[in-house]
Amino acid sequence: MIDTSKVYNSVIIGSGPAGYTAGIYLGRAGFKPLLLTGSLLPGGELTETTLVENYPGFPEGIQGPDLMENMKAQAEKFDVQLESEDAEGIEDGENGCKIVKTHLGNIMAKTVVVATGSTHRKLDIPGEKEYAGLGVSYCATCDGFFFRNKKIAVIGGGDSALTDALFLTRFSDCVYLIHRRDTFRSRGVLPQRVQECPKIKIEYNSLPVEVLGDGEKVTGIKLKDKESGNERELQVDAIFVDIGSVPQTGFLGNYLELDPAGYILTKDSSSLTSKPAVFAAGDCADPVYRQAVTAAGSGCKAAIDAQRYLLN
Ligand code: NAP
């Protein structure tokens with residue numbers, strides 16, 4: 001239970017690799033941190049992925065949800081208090097104390113680690129909102145099963161889109177991979193795997209312009225050829241939108257300095273933000289790398305920075 005009368009050494013906001021790693025370090029150092037996991041997606045975006053092949057220590061790969069369960073168990077082992085709450089804002093309190101606002105009340109802390117990650121970017125085209133949950137999905141792991149033997153479109157050209165297109169061939173023999181350019185952003189082994197997969201049809205230079213439906217469910221997608229400007233329709237039953245992410249920093253308002261895209265600005269290569277005693281880690285402060293392992297590494301940095309602040 002959250003104790004709103006006590007001052008916590010550290011409140012960590014977010015339960016992705018950054019948040020859990022910060023928790024493991026601060027917990028292991030004896031600071032008994034409180035970690036707000038968030039109410040919607042505890043464990044963060046990795047709980048929505050399938051096989052993670054590039055997190056060191058797992059030569060055969062590990063399923064994203066299993067990786068997050070392991071991190072959670074490790075945090076609990078080191079006395080991290082986990083609460084499924086959302087932070088609604090941060091304010092400065094008295095005597096350097098920070099106040100984390102939640103719907104249960106204000107939580108007081110000597111230090112705060114913001115590790116709120118990022119959320120799915122939307123296409124912002126007609127029909128997307130209307131058919132969200134009726135064929136438009138942002139999570140192949142969660143929803144792929146519902147479209148067994150159906151025609152599926154995956155939008156995007158990054159690692160997420162290519163990983164999901166391959167994953168969705170477990171359910172469908174007809175997966176369109178729709179990318180707005182003629183080369184993938186994704187590098188490494190994935191482009192070759194999708195190009196060689198007979199179940200995947202790649203539609204290059206194709207801009208999604210409208211989600212089509214019959215009022216109850218998705219029936220297709222309208223695409224515009226980037227070069228000719230011609231529009232065409234593809235009949236599909238599901239559209240998986242995999243076009244990157246935006247940082248979850250809206251709840252901060254103007255409390256911390258952010259870059260124009262909303263990422264938290266940190267000082268030099270540390271986790272220090274524009275406010276003393278408030279540290280940032282993971283995707284919410286990283287417009288560049290955005291990997292599970294870099295998020296975990298930055299969670300470690302934030303914990304060490306917070307620990308130094310607490311010991312001074
Ligand atoms: P990303 O790398 O930012 O790629 C987003 C893709 O969506 C790009 O191809 C982009 O096109 C396209 N896009 C963006 N806005 C669009 C729009 N409005 N309409 C159509 N297409 C649009 O995002 P991500 O794939 O989610 O990956 C995020 C990070 O996670 C990356 O660092 C990635 O390496 C990492 N990741 C790693 C793995 C793995 O290693 N297993 C798996 C998933 C993600 P352009 O190319 O034209 O910009």
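As the structure is a computational prediction, the values presented were derived from the model and not from experiment.

Cut-offs used in this document
Residues numbered from 1 in each chain as written. Predicted model: local features only at pLDDT ≥ 70, side-chain atom pairs only at ≥ 80, totals over all residues. Heavy atoms only, no water. Helix = DSSP H or I, 4+ residues; strand = E, 2+ residues; numbered from the N terminus. Rg over C-alpha atoms; globule rule 2.2 N^0.38 Å. Buried < 20%, exposed > 50% of the residue type's maximum accessible area, 1.4 Å probe, protein only. Contact = heavy atoms within 4.5 Å. Areas by Shrake-Rupley, 256 points an atom, 1.4 Å probe, with all protein chains shown as cover. Lys, Arg positive; Asp, Glu negative; His and termini not counted. Charge placed at Lys NZ, Arg CZ, Asp CG, Glu CD. Salt bridge = Lys/Arg side-chain N within 4 Å of Asp/Glu carboxyl O. Domains from an automatic or database assignment. Buried area = accessible area lost by both parts, 1.4 Å probe. Nonpolar A, V, L, I, M, F, W, Y, C, P; charged D, E, K, R; others polar. Core = buried A, V, L, I, M, F, W, Y, C linked by side-chain atoms within 4.5 Å. Pairing = 2+ DSSP bridges. Right-handed = clockwise from strand over helix to strand, strands pointing away. Expected span 1.5 Å × (residues − 1). Near = heavy atom within 4 Å. Polar contact = N/O pair within 3.5 Å; in protein donor to acceptor, adjacent residues only side chain to side chain. Disulfide = S-S within 2.5 Å.

Trainee: Which residues make up the overall build of the chain, and what values go with them?
Mentor: Secondary structure summary: the chain contains six helices and 19 strands in total. In terms of overall size, the chain behaves like a compact globule, its C-alpha atoms giving a radius of gyration of 21 Å where 312 residues would be expected to give roughly 20 Å. Considering only C-alpha atoms, the chain reaches an extent of 65 × 40 × 35 Å along its principal axes. Expressed as a percentage of the 312 residues in the chain, the buried residues total 49%. Contacts in the chain between residues far apart in sequence, at least 24 positions, make up 59% of those at least 6 positions apart. For the chain, the accessible surface area stands at approximately 15,500 Å², while carbon and sulfur atoms represent 49% of it. Treating the 32 positive side-chain charges of the chain as one cloud and the 41 negative ones as another, the clouds have centres 3 Å apart.

Trainee: Can you lay out the side chain of aspartate 164 for me, pointing to particular residues and giving the numbers?
Mentor: Here aspartate 164 shows up in helix α4 (residues 159-168). Within the buried core, aspartate 164 has no salt-bridge partner, and the shortest N-O distance to an opposite charge, that of arginine 170, equals 10.0 Å. Here aspartate 164 is in contact with Ala140 and Asp242, once residues within four sequence places are set aside.

Trainee: Explain the domain arrangement of the chain to me, using residue names and the numbers behind them.
Mentor: According to the domain assignment, the chain consists of domain 1 (7-119 + 245-311) and domain 2 (122-241). Just the C-alpha atoms count here: the centres of domain 1 and domain 2 sit 32 Å apart. On the side of domain 2, seven residues touch domain 1, which itself brings four residues to the contact. Between domain 1 and domain 2, a total of about 470 Å² is buried, with carbon and sulfur atoms accounting for 45% of that surface. Contact with domain 2 buries surface across domain 1, with Glu48, Thr50 and Glu53 losing the most and accounting together for 79% of the total. Counting the contacts that link domain 1 with domain 2 gives one salt bridge. Linking glutamate 53 and arginine 193 is a salt bridge whose minimum nitrogen-to-oxygen distance equals 3.6 Å. Of the residues that constitute the side of domain 1 that touches domain 2, the class distribution is no nonpolar, two polar and two charged.

Trainee: Please provide a residue-by-residue account of the nonpolar core, values included.
Mentor: Within the largest apolar cluster, 28 residues are counted, with the highest numbers of intra-cluster contacts made by Tyr55 and Val113. Mapped by element, the contributors of at least two residues to this core are α1 (17-28), α2 (64-77) and α6 (292-311). For this core, the leading source of residues is α6, giving seven residues. In this structure tyrosine 55 touches Leu67, Met71, Ala292, Val293 and Ala296, once residues within four positions along its chain are discounted.

Trainee: Explain the pairing of strand β12 (residues 175-178) residue by residue, including any values.
Mentor: Here β12 shows no split at all, with Val175 and Leu177 on one side and Tyr176 and Ile178 on the other all buried. As paired strands, strand β11 (residues 152-155) and β12 are joined by four bridges and run parallel to one another. Within β12, the residue paired with isoleucine 152 across the bridge is valine 175. A crossover connection joins β11 to the parallel β12 through α4; in handedness this β-α-β unit is right-handed. When β12 meets strand β13 (residues 200-203), the two strands line up parallel, connected through four bridges. Across the sheet, residue valine 175 finds its bridge partner in β13, namely isoleucine 200.

Trainee: Any details on α1? Residues and values, ideally.
Mentor: Because an α-helix packs 3.6 residues into every turn, residues spaced three or four apart end up facing the same way. The end-to-end C-alpha distance of α1 is 16 Å, a good match for the 16 Å that 12 residues give at a rise of 1.5 Å each. A large share of α1 lies buried, amounting to 10 of its 12 residues. Those residues of α1 lying buried are Pro17, Ala18, Gly19, Tyr20, Thr21, Ala22, Gly23, Ile24, Leu26 and Gly27.

Trainee: Go over the sheet that holds β12, please, and point to the residues and values.
Mentor: Pairing is parallel across the open sheet formed by five strands, whose spatial order is β10-β17-β11-β12-β13. Strand pairing shows two members of the sheet lacking a second neighbour, β10 (136-137) and β13, which therefore form its edges.

Trainee: Tell me about the site of the ligand, and please be specific about residues and values.
Mentor: Lining the immediate environment of the ligand, one finds 17 residues, of which Asn54, Asp159, Ser160, Arg181 and Arg185 sit closest. A distance of 2.9 Å separates an oxygen atom of the ligand from a polar side-chain atom of arginine 180. Note that an oxygen atom of the ligand is positioned 3.0 Å from one of the side-chain N or O atoms of glutamine 291. Against a free-state accessible area of 910 Å², the protein chains account for coverage of 80% of the ligand. Taken together, the residues of the shell around the ligand sort by class into three nonpolar, eight polar and six charged. Split by domain, the residues of the shell around the ligand number at least three in each of domain 1 (7-119 + 245-311) and domain 2 (122-241).

Trainee: How would you explain the environment of valine 136 if you had to name every residue and give the values?
Mentor: Assignment of secondary structure puts valine 136 in strand β10. Along the primary structure valine 136 and aspartate 286 are separated by 150 residues, whereas in three dimensions their C-alpha atoms are 27 Å apart. Those residues in contact with valine 136 that lie beyond four places of it in its chain are Glu128, Tyr131, Val211, Val218, Ile239 and Val241.

Trainee: Before we move on, could you go through the state of the cysteines and cite the residues and values that matter?
Mentor: The tally for this structure, following the rule as stated, stands at one disulfide. Shown here is the disulfide that connects cysteine 139 with cysteine 142, its sulfur atoms set 2.0 Å apart. Its S-S torsion of about 75° marks the bond between cysteine 139 and cysteine 142 as right-handed, since a negative value means left-handed.

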